[in-house]
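Residue strings, one per chain:
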Amino acid sequence: MTIDDTRIADRLALRALVEAYAHGVDRREFISVAKLFTHDGKLSSYSGQPIGQPPIYERIGHDQIERAMQGLLKYDITSHALSQQTILFDPADPDKASAETYCCAQHLYSDNGRWNRVMSIRYLDHYKRLDNVWLISDRRLATDWVEVRPALEPT
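Per-chain numbering applies: the sequence of each chain, read as written, is numbered from 1 onward. Totals for whole chains, interfaces and linings use all residues, but because this is a predicted model, local features are given only for residues with pLDDT of at least 70 and pairs of side-chain atoms are given and counted only at 80 or more. Working from all heavy atoms in the structure, the side-chain values ignore hydrogens and water.

Chemist: Looking at this model, I keep getting lost on the sheet that holds strand E5 (residues 114–130). Mind explaining?
Modeler: Pairing between sheet strands relies on hydrogen bonds along the backbone, with the strands arranged either parallel or antiparallel. Ordered in space as E2-E1-E6-E5-E4-E3, the six strands form an open sheet in which the pairing is mixed. Edge positions in the sheet fall to strand E2 (57–60) and strand E3 (77–89), since each has one partner strand and no second. Strand after strand, the sheet turns through a mean of 15° between neighbouring axes, direction not considered. Here seven bridges tie strand E1 (residues 37–47) to strand E6 (residues 133–150), and the two strands are oriented parallel to one another. By the bridge assignment for E6, Lys42 is matched with Asp138. Contact between two residues is taken to exist if any of their heavy atoms lie within 4.5 Å; hydrogens are not considered. Note on geometry: axes are lines fitted to C-alpha atoms, helical ones only across the stretch in contact, with angles between N-to-C directions running from 0 to 180 degrees. Put simply, DSSP marks the helices as runs of H or I at least four residues long and the strands as runs of E at least two long, and each gets a number from the N terminus on. Packed onto the sheet, helix H3 (residues 61–69) meets E1 and E2 and runs at close to 40° relative to E1. When DSSP finds two or more bridges between two strands, those strands count as paired.

Spelled out as structure tokens, the structure:
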């Protein structure tokens, strides 16, 4: 296998990791979601670009990340649709990478009617490969904008 072939496989593995996170969140598989992080992995949330501001919240480790995911149970349904992903590999360490992945997240809930909270978010991630498996070591969730609108009933 050449270096290029390895990086192609790594790119596919990192995309699959981000997809597993979105799928696990939407299926309420919070223990599985937490295990996508390193043991000391960090999940933090920001309003807009994280540079120069404190996080809205920060959770470290599997237990705290799993508990943070429980907050999504207030929604009837969530749907995370991923789009472009830009990956940068650490030139000094083949087992580290970072990425920015765009996501449109929809959160359906009932409160005097049915509402859809639509969020444009970016996952700013750092990854580590441990025992030949890529994991998230640090995820900064940047919320760029939020729109709340009435949700239509399925036909």
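Chemist: What is the right way to look at the state of the cysteines in this model?
Modeler: In a disulfide, the sulfur atoms of two cysteines are covalently bonded to one another. Note on terminology: disulfide denotes any pair of cysteine sulfur atoms within 2.5 Å. Applying the stated rule across the entire model yields zero disulfides. Not part of a disulfide, Cys103 finds its nearest cysteine sulfur in Cys104, a span of 6.9 Å.

Chemist: Hey, could you run me through the layout of surface pockets in this one?
Modeler: Take a probe with the size of a water molecule and roll it over the atoms, and the empty space left behind shows itself. Roughly 480 Å³ of volume is contained in the largest pocket. Of the two site types, the cavity is a set of points on a 1 Å grid over the protein atoms alone where a 1.4 Å probe fits but cannot get out, and the pocket is an open set with protein on both sides within 12 Å along at least five of seven lines, each lined by residues with an atom within 4 Å of a point. Together, 24 residues line the largest pocket, and Ser45, Tyr57, Leu72, Met119 and Leu141 are the ones closest to its centre. For the lining of the largest pocket, the secondary structure elements donating two or more residues are helix H1 (3–26), E1, E2, H3, strand E4 (96–110), E5 and E6. A breakdown of the residues in the lining of the largest pocket according to their chemical character gives 15 nonpolar, six polar and three charged. Grid points are joined across faces, edges and corners, and a volume is the space filled by probe spheres set on the points. Basically, the charged four are Asp, Glu, Lys and Arg, the nonpolar ten are Ala, Val, Leu, Ile, Met, Phe, Trp, Tyr, Cys and Pro, and anything else, Gly included, counts as polar.

Chemist: How should the packing of aromatic side chains be read in this particular structure?
Modeler: Ring pairs are drawn from Phe, Tyr and Trp, using the six-membered ring of Trp, whenever the two centres fall within 6.5 Å, and their geometry is named by plane angle: stacked under 30 degrees, edge-to-face over 60, tilted for the rest. Here the structure, examined in full by the defined rule, presents three aromatic pairs. Centre to centre, the rings of Tyr75 and Tyr109 are 6.0 Å apart; their planes meet at 70°, and the pair counts as edge-to-face. Here Tyr109 lies in strand E4 and Tyr75 lies in the loop between H3 and E3, a separation of 34 residues in the sequence. The two residues Tyr75 and Tyr109 agree in class, both being buried. Taken together, the ring pairs connect Tyr21, Phe37 and Tyr123 into an aromatic cluster. Charge-over-ring contacts are defined here by two conditions on Lys NZ or Arg CZ: a distance within 6 Å of the ring centre and an angle within 35 degrees of the ring normal. A cation over a ring is seen here: Arg139 above Tyr21, with NZ or CZ 4.1 Å from the ring centre. Lying across the ring of Tyr123, Arg139 places its NZ or CZ 3.8 Å from the centre. Each residue is assigned to one of three classes by its accessible area relative to the maximum for its type, calculated with a 1.4 Å probe on protein chains only: buried under 20%, partly exposed between the two thresholds, exposed over 50%.

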